[in-house]
Amino acid sequence: MSDTAAARSDASAPQPARRPLPAFLRLAGGFWSGDTRRRALVLTLAVAFFAAAVVAVQYGMNRWNRIFFDSLEKKDLPGVWEAILLLPLLVAAQAAAVSGMVVFRMLFQMRWREWLTQKLAGWWIADQRYYRLSIVAREQGAPEYRIAEDVRLSIEPLADFAIGLASAFATAATFVGVLWTVGGSFSVGGVVIPAYMAVAAVAYGAISSLGAYFAGRPLVGHVSHKNQMEAEFRAEMTRLRENAESIALIRGDKGELRGALANYELVVAAWKKIVRQNGVIAIVYNINGALFPIAPLLLAAPKYLSGEMTL
């Protein structure tokens, strides 16, 4: 192969980007064009349909609770039986929606990852690039591992995050709408709060999310520091093994033991930080877990006791 042909071939391959995320999205977004665009569109629409179905079933279960408990309050036996007969249909619908969501989400991830893997493997193998890279770019170690593992790490978490975020927004919008309709206004000290249950739900969600964020954020650094200390401890033990003969000749056993134990003390100190931060996270999590079922009842109690809201 001539140098000109090699240069032309390299030009067709992806080049290092200064802004990795936009470059990755341009590359991976090719799944929705070309030969795979129909499959990508079908899978995307299927995931969106089942995500919407999950939200719809959750809304249906919310409506079922209203029918059932209002019938109990009124001692309406036909209403209770209606709710009981409706429950298996809702349970079956929920099972089908959740199952479909799981299946099509995994199919979507699999096909997107398959397309990207084929793209990268094609660039790597084309024009004997797998051979030439081993000569001109020795620092690029194990490209086959990067193709296999980096594609997985790029596609699966991204798809989970995007689908989860869209589902969360759809669920929030649906149930804020429910609370906005049902809750009505509430007067505190002469100040009227319109749709107070919707406002309170958003405020509660924001406060609990911020609490979880600030409690969990330091854990990332603590875990990274702990991993670094463990790596340094392993490196110290490896150095001891590689220099075993010279250390044994000068009888440096006790000094090496002190050094190794001192290194491990750094690991223990890093672990303590993780333990303390997990304790803080557990406090925030359990406070939220205790308040989660009680807060809605406290918010609804004034309306219920005044007769403006049914059970």
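Above: the structure in question.
Chemist: Where do I start with the overall build of the protein chain in this structure?
Modeler: The helix and strand tally for the protein chain stands at ten helices and two strands. Starting at the N terminus and ending at the C terminus, the protein chain contains elements arranged as α-α-α-α-α-α-β-β-α-α-α-α. Taking all 311 residues of the protein chain together, the buried fraction comes to 21%. Here the analysis covers contacts within the protein chain between residues at least 6 apart in sequence; of these, 73% occur between residues at least 24 apart.

Chemist: What should I look at first to understand the environment of Thr117 in this one?
Modeler: In this structure, Thr117 sits in helix 4 (residues 77-125). Put simply, Thr117 and Ile147 are 30 residues apart on the chain and 6.5 Å apart in space, counted from C-alpha to C-alpha. Sequence-distant contacts of Thr117, that is, excluding residues within four places in its chain, are made with Ile147 and Val151.

Chemist: Please explain the nonpolar core as it appears in this structure.
Modeler: Soluble globular proteins tend to bury their nonpolar side chains together. Ranked by size, the top nonpolar core spans 21 residues in total, and within it Phe31, Met101, Phe108, Trp112, Leu116 and Ile155 carry the most contacts. Sequence-distant contacts of Phe108, that is, excluding residues within four places in its chain, are made with Phe31, Trp32, Leu43, Thr44, Val47 and Ala159. If you look at the next biggest cluster of nonpolar residues, it comprises five residues, including Trp64, Phe68, Ala83 and Leu90.

Chemist: I'm lost on a nonpolar patch on the surface in this one. Help?
Modeler: The grouping of Phe69, Leu72, Tyr304, Leu305 and Leu311 at the surface amounts to a nonpolar patch, some 500 Å² of accessible area in total. For the nonpolar patch, the secondary-structure elements that each account for two or more residues are helix 3 (37-74) and helix 10 (294-305).

Chemist: Honestly, unusual backbone geometry in this entry has me stumped. Any pointers?
Modeler: Backbone geometry at Lys75 places phi at a positive 55°, although glycine is not the residue there. On the secondary structure map, Lys75 appears in the loop between helix 3 and helix 4. Within the chain, Ala195 stands out as a residue other than glycine whose phi angle is a positive 50°. Along the chain, the position of Ala195 falls in the loop between strand 2 (191-193) and helix 7 (196-242). Under the relative-accessibility criterion, Ala195 is labelled buried at 6%.

Chemist: Explain the packing of helix 7 against helix 9 (residues 253-291) here, please?
Modeler: Helix packing geometry: the angle between the two helix axes and the distance between the axes. Two elements in contact, helix 7 and helix 9, have axes separated by 9 Å at closest approach and are oriented at 165°. With respect to helix 9, the element helix 7 is oriented roughly antiparallel. With respect to the hand of their crossing, helix 7 and helix 9 are arranged in left-handed fashion. Residue composition of the contact of helix 7 with helix 9, by class: 21 nonpolar, nine polar and seven charged.

Chemist: Teacher, can you tell me more about the pattern of salt bridges here?
Modeler: One side chain can pair with another of opposite charge once the charged atoms of both are near each other. In total, this model carries six salt bridges according to the counting rule given. Note that Arg105 is salt-bridged to Asp160, the shortest N-O span being 3.0 Å. Residue Arg105 is found in helix 4, and its partner Asp160 is found in helix 6 (residues 143-183); the two are separated by 55 residues along the sequence. According to the relative accessible area criterion, Arg105 is partly exposed, its value standing at 21%. When its relative accessible area of 36% is taken as the criterion, Asp160 is described as partly exposed.

Chemist: Hey, could you run me through helix 6 in this one?
Modeler: The end-to-end C-alpha separation of helix 6 is 58 Å, in line with the 60 Å expected for 41 residues at 1.5 Å each. Among the residues making up helix 6, those that are buried are Ile147, Val151, Ile155, Ala159, Ile163, Val178 and Gly183. Along its buried surface, helix 6 packs onto helix 2 (20-28), helix 3, helix 4, helix 7 and helix 10. A positive phi of about 70° marks Gly184, the residue just after helix 6.

Chemist: Is there a simple way to think about the side chain of Lys303 in this case?
Modeler: Here Lys303 lies in helix 10. Classification of Lys303 by relative accessible area gives buried; the value is 8%. Ignoring anything within four residues of it in the chain, the contact list for Lys303 reads Gly183, Gly184, Ser185, Tyr196, Glu308 and Met309.

Chemist: What is the right way to read the packing of aromatic side chains from this model?
Modeler: Here a ring pair, both rings aromatic, is described through the centre-centre distance and the interplanar angle of the planes. Applying the stated criterion to the full structure yields 13 aromatic pairs. Seen from their ring centres, Trp32 and Phe108 are 5.9 Å apart, and the 50° between their planes marks the pair as tilted. Of the two residues, Trp32 sits in the loop between helix 2 and helix 3 while Phe108 sits in helix 4, which places them 76 residues apart along the sequence. With a centroid separation of 5.2 Å and 80° between ring planes, the pair formed by Phe49 and Phe50 is classed as edge-to-face. A connected cluster of aromatic rings, assembled from ring pairs, spans Phe31, Trp32, Phe108, Trp112 and Trp115.

Chemist: Is there a simple way to think about the packing of helix 3 against helix 6 in this case?
Modeler: Viewed as axis vectors pointing N to C, helix 3 and helix 6 meet at an angle of 30°, and their least axial separation amounts to 10 Å. When the interaxial angle is binned, helix 3 and helix 6 end up roughly parallel. Note that helix 3 runs across helix 6; the crossing there is right-handed. Contact residues: helix 3 offers Val47, Ala51, Val55, Gln58, Tyr59 and Asn62, while helix 6 offers Ile163, Ser167, Ala170, Thr171, Thr174, Phe175 and Val178. When grouped by side-chain class, the residues that make up the contact of helix 3 with helix 6 number eight nonpolar, five polar and no charged.

Parameters at a glance
Residues numbered from 1 in each chain as written. Predicted model: local features only at pLDDT ≥ 70, side-chain atom pairs only at ≥ 80, totals over all residues. Heavy atoms only, no water. Helix = DSSP H or I, 4+ residues; strand = E, 2+ residues; numbered from the N terminus. Buried < 20%, exposed > 50% of the residue type's maximum accessible area, 1.4 Å probe, protein only. Contact = heavy atoms within 4.5 Å. Core = buried A, V, L, I, M, F, W, Y, C linked by side-chain atoms within 4.5 Å. Patch = residues over 30% accessible without salt bridge, like charges linked within 9 Å, V, L, I, M, F, W, Y side chains within 5 Å. Areas by Shrake-Rupley, 256 points an atom, 1.4 Å probe, with all protein chains shown as cover. Salt bridge = Lys/Arg side-chain N within 4 Å of Asp/Glu carboxyl O. Axes fitted to C-alpha atoms, helices over the stretch in contact; angles between N-to-C directions. Parallel < 35°, antiparallel > 145°, perpendicular 65-115°, else oblique. Left-handed = near helix turned anticlockwise from the far one by under 90°. Nonpolar A, V, L, I, M, F, W, Y, C, P; charged D, E, K, R; others polar. Expected span 1.5 Å × (residues − 1). Phe/Tyr/Trp six-rings, centres within 6.5 Å; stacked < 30°, edge-to-face > 60°.

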